[in-house]
Amino acid sequence: MPETSTPNWGNVPESWTRRHLLGLEELGADEIDLILNQAERFRSVLMHGDRKIPLLAGKTCVNLFFENSTRTKTSFALAARRLGADVVDFTAATSSLGKGETIIDTAKNIEAMQVDAVIVRHSCPGAPKLLAENIQSHVFNAGDGPHEHPTQALLDILTIRQRFGSLAGLTVALVGDIAHSRTARSNIWGLKKLGANVILCGPSTLVSKNWEKLGVEVSYSLDAILDRVDVFNLLRIQFERQVVRPFPSTREYAHLYGMNSMRLAKAKPNVLIIAPGPINRGLEVTPDVADGPQSAILDQVTNGVAVRMAALWLGLGL
């Protein structure tokens, strides 16, 4: 049977001073490492049995999601509950937003019900920051338009660190729909700050040379970089955010940029395959690669709960 006693977790480290988690652009490498290290501690305990760690007992978190989500919403809810907090799910479709209420008024009214944390996903870049400036509750960014998705990048980076021990000197390729990807932006900030080299790869309609201003490399050929890359992060093509189709057909995209067994055979022997999900099997990645030994896609999902536990504990522990 698993242990039932709670370890002495101590207080939130004095070096952590942020009430909100809005993005990785504003975090330093030491802060990112602090979140990752705490996530490792939580993951280690959770993997030894199904037990709760009541560090946030008495706290209430609301999932304020204005966009659809499976992994992120469920992961944040599980993270909060495993820390002993109560969780309330908000449904935009049946809320007073349809009557003209603003997002700020919605958040303020929810906060008035004694909510401690607001976990927000919204199609508008900057929505979490706007809430953080207008309410007293702790705000956690669960994705704001194409801007940032900090906890997704943190769980990606944690998965990479578990495989390689350190990110320093690694080459990580983000492949796919860079133009519309909040995950790509957060990954760039986090990866660069921890010493990794970043390559952005995809069709020119989705990967602009302007990204090079952030200190990353841009490649329009996946085959040209296969043997240089330690980690491929395969991003979903976000058709729902596109006004026009950025390539002639999905068949052509899969032919030029899909990760398959033939391409995997040309990559480094210890290459790591990750993807933020949901994945379009046969488009960004073939099923044999997604389910193969080089893939850590499900490890990412496991790490997501631990990362979000760490983020909630650090923010709410202040």
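Per chain, the residues get numbers from 1 upward, laid out in the order the sequence is written. Residue-level local features of this predicted model are given only where pLDDT is at least 70; pairs of side-chain atoms are given and counted only at 80 or more, and the full residue set underlies all totals for whole chains, interfaces and linings. Heavy atoms from the whole structure form the basis of all side-chain values; hydrogens and water molecules are not counted.

What to know about the sheet that holds strand 5 (residues 171-175)
Across the sheet, 5 strands lie side by side as 7-6-5-8-9; this open sheet has parallel pairing. Among the strands making up the open sheet, the edge pair consists of strand 7 (217-219) and strand 9 (272-274). Here the strands of the sheet are splayed against their neighbours by 20 degrees on average, with no regard to which way each runs. Note: strand 6 (residues 197-201) against strand 7, 3 bridges, orientation parallel. Note that in strand 7 the partner of isoleucine 199 across the bridge is glutamate 217. Any two residues having at least one pair of non-hydrogen atoms within 4.5 Å are treated as being in contact. For every element, the axis is a line fit to its C-alpha atoms; helices are fit only across the contacting stretch, and the angle between N-to-C directions ranges from 0 to 180 degrees. Secondary structure elements follow DSSP: runs of H or I of four or more residues count as helices, runs of E of two or more count as strands, with numbering from the N terminus. Packing against the sheet, helix 5 (residues 150-164) makes contact with strand 5, strand 8 (231-234) and strand 9, and its axis sits at approximately 160 degrees to strand 9. A strand pair is defined by DSSP finding two or more bridges across the two strands.

Brief notes about the sheet that holds strand 1 (residues 60-65)
In spatial order, the strands read 2-1-3-4; together these 4 strands make up an open sheet with parallel pairing. A single partner strand is all that each edge strand has here, and the edge strands are strand 2 (86-91) and strand 4 (138-144). Strand after strand, the sheet turns through a mean of 15 degrees between neighbouring axes, direction not considered. In this sheet, strand 2 lies alongside strand 1 in parallel orientation, the contact comprising 6 bridges. Across the sheet, residue cysteine 61 finds its bridge partner in strand 2, namely valine 87. Along the sheet, helix 2 (residues 71-82) makes contact with strand 1, strand 2, strand 3 (117-122) and strand 4, crossing strand 1 at roughly 175 degrees.

Concerning the pairing of strand 4
Exposed residues in this analysis have more than 50% of their type's maximum accessible area, buried residues have under 20%, and partly exposed residues fall in between, with area computed by a 1.4 Å probe over protein chains only. Most of strand 4 is tucked away, with 7 of its 7 residues classed as buried. By the bridge criterion, 5 bridges tie strand 3 to strand 4 in an arrangement that is parallel. Of the residues in strand 4, the one forming a bridge with valine 120 is asparagine 141. The parallel pair strand 3 and strand 4 is bridged by helix 4 (residues 127-132), and the resulting crossover is right-handed. A clockwise course of the path from the first strand over the helix to the second, judged with the strands pointing away from the viewer, identifies a crossover as right-handed.

Quick look at the nonpolar core
The set of buried Ala, Val, Leu, Ile, Met, Phe, Trp, Tyr and Cys residues whose side-chain atoms join them within 4.5 Å is what this entry labels a nonpolar core. Residues Phe232 and Leu312 are the most contacted members of the largest nonpolar core, which totals 92 residues. Here this core gets 11 residues from one element, more than from any other, and that element is helix 10 (residues 297-316). Setting aside its immediate chain neighbours within four residues, phenylalanine 232 contacts Ala173, Val175, Leu222, Ile225, Leu226, Met259, Ala267, Val271, Leu272, Ile273 and Ile274. Counting residues in hydrophobic clusters, the runner-up holds 17 residues, among them Ile110, Val120, Ile135 and Val139.

Structural notes on the environment of aspartate 177
Mapping aspartate 177 onto the fold places it in the loop between strand 5 and helix 6 (182-193). Residues aspartate 177 and arginine 236, 59 residues apart in the sequence, show an inter-C-alpha distance of 6.5 Å.

Observations concerning the packing of aromatic side chains
Each Phe, Tyr or Trp ring (for Trp, its six-membered ring) is paired with any other whose centre lies within 6.5 Å, and the angle between the two planes then decides the class: stacked below 30 degrees, edge-to-face above 60, tilted in between. Evaluation of the coordinates by the stated rule reveals 4 aromatic pairs. Summarising the aromatic geometry, the rings of phenylalanine 66 and phenylalanine 90 are spaced 5.4 Å apart at their centres and angled 55 degrees between planes, so their arrangement reads as tilted. Of this pair, phenylalanine 66 sits in the loop between strand 1 and helix 2 while phenylalanine 90 sits in strand 2, placing them 24 residues apart in sequence. Taking relative accessible area as the criterion, phenylalanine 90 reaches 11% and is therefore assigned buried. With a centroid separation of 5.3 Å and an interplanar angle of 35 degrees, the aromatic rings of tyrosine 253 and tyrosine 257 are classed as tilted. Of the two residues, tyrosine 253 and tyrosine 257 both sit in helix 7 (residues 250-257), 4 residues apart, roughly one turn of that helix. Neither tyrosine 253 nor tyrosine 257 differs from the other in exposure class; each is buried. An aromatic cluster of three or more residues is present, and its members are Trp9, Phe42 and Trp313.

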